[in-house]
Amino acid sequence: MRHLFTEDGEKAIESVMRQHPLLAFDFDGTLAPIVARPHDAKVPDIVCRGLVQLAQRLPVAVITGRSVADVKPRLGFHPHYVIGNHGAEDPAVGPPSTASQALDSLRHRIVSHADALKRAGVEVEDKLYSLALHYRLAPDAGQALLCIEELLQGTEPALKRFGGKCVVNIVATGVPDKGDALALLLQRCGAAAAVFVGDDVNDEAVFMRAEPHWLTVKIGREDPLSRAMFFLDSDAELALMLQKMLALDGAI
């Protein structure tokens, strides 16, 4: 990956903006800084202002691991599309019929493991179409992960797990991921290209499917195996990226 604010990155921004793309963003760690308690997350004012202006000119989407109901009040602006639960929750089409039922057996296991999870500092977040096991506040991350592994033992292949920043996510096998969600949004809005910005493991589903004429950006350079085209050092640089896009859109 190369930093977005280089000669190649500037050319890539200009090229994709000429195609009047769909602009899509992850939420936690991208639009909103990572915080110790997920309930405290929100979009900074400077980022919000840029997104409000861009949404007046181009289709804008938020594709997040959170539920749609959870993330909407945290945005501070009105994107054209909000997709939740890592791609499984699309309000326009409804979730896959088995997306929640497949998690019921794990929900029962969580009840029986409740005391052990609490002692390990694991917080369970049930988002209906996915479950998140947070251990950011655990006193011993290693012990928390062992507890999570014991909980999940034997749940596959009906369920799929993937990591994140101090979280283990679980979804039903076969539900749409973020890459699927973005592909459907492109068909829906008729855009010829896409910009996608994300920061975590589940965003790789988009990076891997990106066409050469798209622009994909990862927040953070710590993963040398990421398939994103460019990176930003932190979510704080996103506001500058939005300003560059606004300036180019006004000039094209």
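Residues numbered from 1 in each chain as written. Predicted model: local features only at pLDDT ≥ 70, side-chain atom pairs only at ≥ 80, totals over all residues. Heavy atoms only, no water.

**Student:** Could you give an account of the sheet that holds strand β2 (residues 22-25), with specific residues and numbers?
**Tutor:** What links the strands of a sheet is backbone hydrogen bonding, and the strands pair in either a parallel or an antiparallel sense. The sheet built from seven strands is open, its strands ordered β1-β11-β10-β9-β2-β3-β4 with parallel pairing. With one partner strand each, in any of the chains shown, β1 (2-3) and β4 (81-83) form the two edges of the open sheet. As paired strands, β1 and strand β11 (residues 230-232) are joined by two bridges and run parallel to one another. Residue Arg2 lies in a different strand from β11, and its bridge partner there is Phe230. (Pairing = 2+ DSSP bridges. Helix = DSSP H or I, 4+ residues; strand = E, 2+ residues; numbered from the N terminus.)

**Student:** Explain the nonpolar core residue by residue, including any values.
**Tutor:** If you look at the biggest cluster of nonpolar residues, it comprises 56 residues, and the most contacted ones within it are Leu31, Leu215 and Met241. Per element, the largest residue contribution to this core is six residues, and it comes from helix α9 (residues 238-251). Excluding residues that lie within four positions of it along the chain, Met241 makes contacts with Leu4, Phe5, Val195, Val197, Leu215, Val217 and Leu232. In terms of nonpolar packing, the next biggest core, distinct from the first, is built from 18 residues, Leu117, Leu133, Ala138 and Cys147 among them. (Core = buried A, V, L, I, M, F, W, Y, C linked by side-chain atoms within 4.5 Å. Buried < 20%, exposed > 50% of the residue type's maximum accessible area, 1.4 Å probe, protein only. Contact = heavy atoms within 4.5 Å.)

**Student:** Hey, could you go over the pairing of strand β3 (residues 60-63) for me, with residue numbers and the actual values?
**Tutor:** A regular strand carries its side chains on alternate faces of the sheet. Residues Val60 and Val62 of β3 are buried on one face, and the alternating residues Ala61 and Ile63, pointing to the opposite face, are buried as well. For the crossover that starts at β2, traverses helix α2 (residues 45-55) and ends in the parallel β3, the hand is right-handed. Two elements, β3 and β4, share three bridges in a ladder whose sense is parallel. The residue of β4 that forms the bridge with Ile63 is Ile83. Viewed along the sheet, the connection from β3 through helix α3 (residues 68-75) into β4 turns out right-handed. (Right-handed = clockwise from strand over helix to strand, strands pointing away.)

**Student:** Explain helix α7 (residues 178-189) to me, and be specific about the residues and the numbers.
**Tutor:** One turn of the α-helix equals 3.6 residues, which is why residues spaced by three or four share an orientation. Between the first and last C-alpha of α7 there are 16 Å, a value that for twelve residues agrees with the 16 Å anticipated at 1.5 Å per step. If you check which residues of α7 are buried, you get Lys178, Gly179, Ala181, Leu182, Leu185 and Leu186. Angularly, the buried residues of α7 cover 160 degrees about the axis, an arc narrow enough to put them on a single face. Considering only its buried residues, α7 is in contact with β2, β3, β4, β9 (194-198) and α8 (204-207). Between the side-chain oxygen at the start of α7 and the backbone nitrogen of Gly179 there is a gap of 3.0 Å, and the oxygen is on Asp177. Just beyond α7, the residue with positive phi is Gly190, at close to 80 degrees. (Expected span 1.5 Å × (residues − 1). Arc of directions from axis to C-beta. Polar contact = N/O pair within 3.5 Å; in protein donor to acceptor, adjacent residues only side chain to side chain.)

**Student:** Explain the packing of aromatic side chains to me, using residue names and the numbers behind them.
**Tutor:** Under the defined criterion, the tally for this structure stands at one aromatic pair. Here the aromatic rings of Phe196 and Phe207 are separated by 5.9 Å at their centres, their planes lie at 65 degrees, and the arrangement is edge-to-face. Taken together, the residues Phe196 in strand β9 and Phe207 in helix α8 connect sequence positions eleven residues apart. Summarising the burial analysis for this pair, Phe196 and Phe207 share the class buried. One Lys or Arg, Lys244, reaches over the ring of Phe5 and ends 5.4 Å from the middle of that ring. (Phe/Tyr/Trp six-rings, centres within 6.5 Å; stacked < 30°, edge-to-face > 60°. Lys NZ or Arg CZ within 6 Å of the ring centre and 35° of its normal.)

Coordinates in, geometry out; function isn't part of it.
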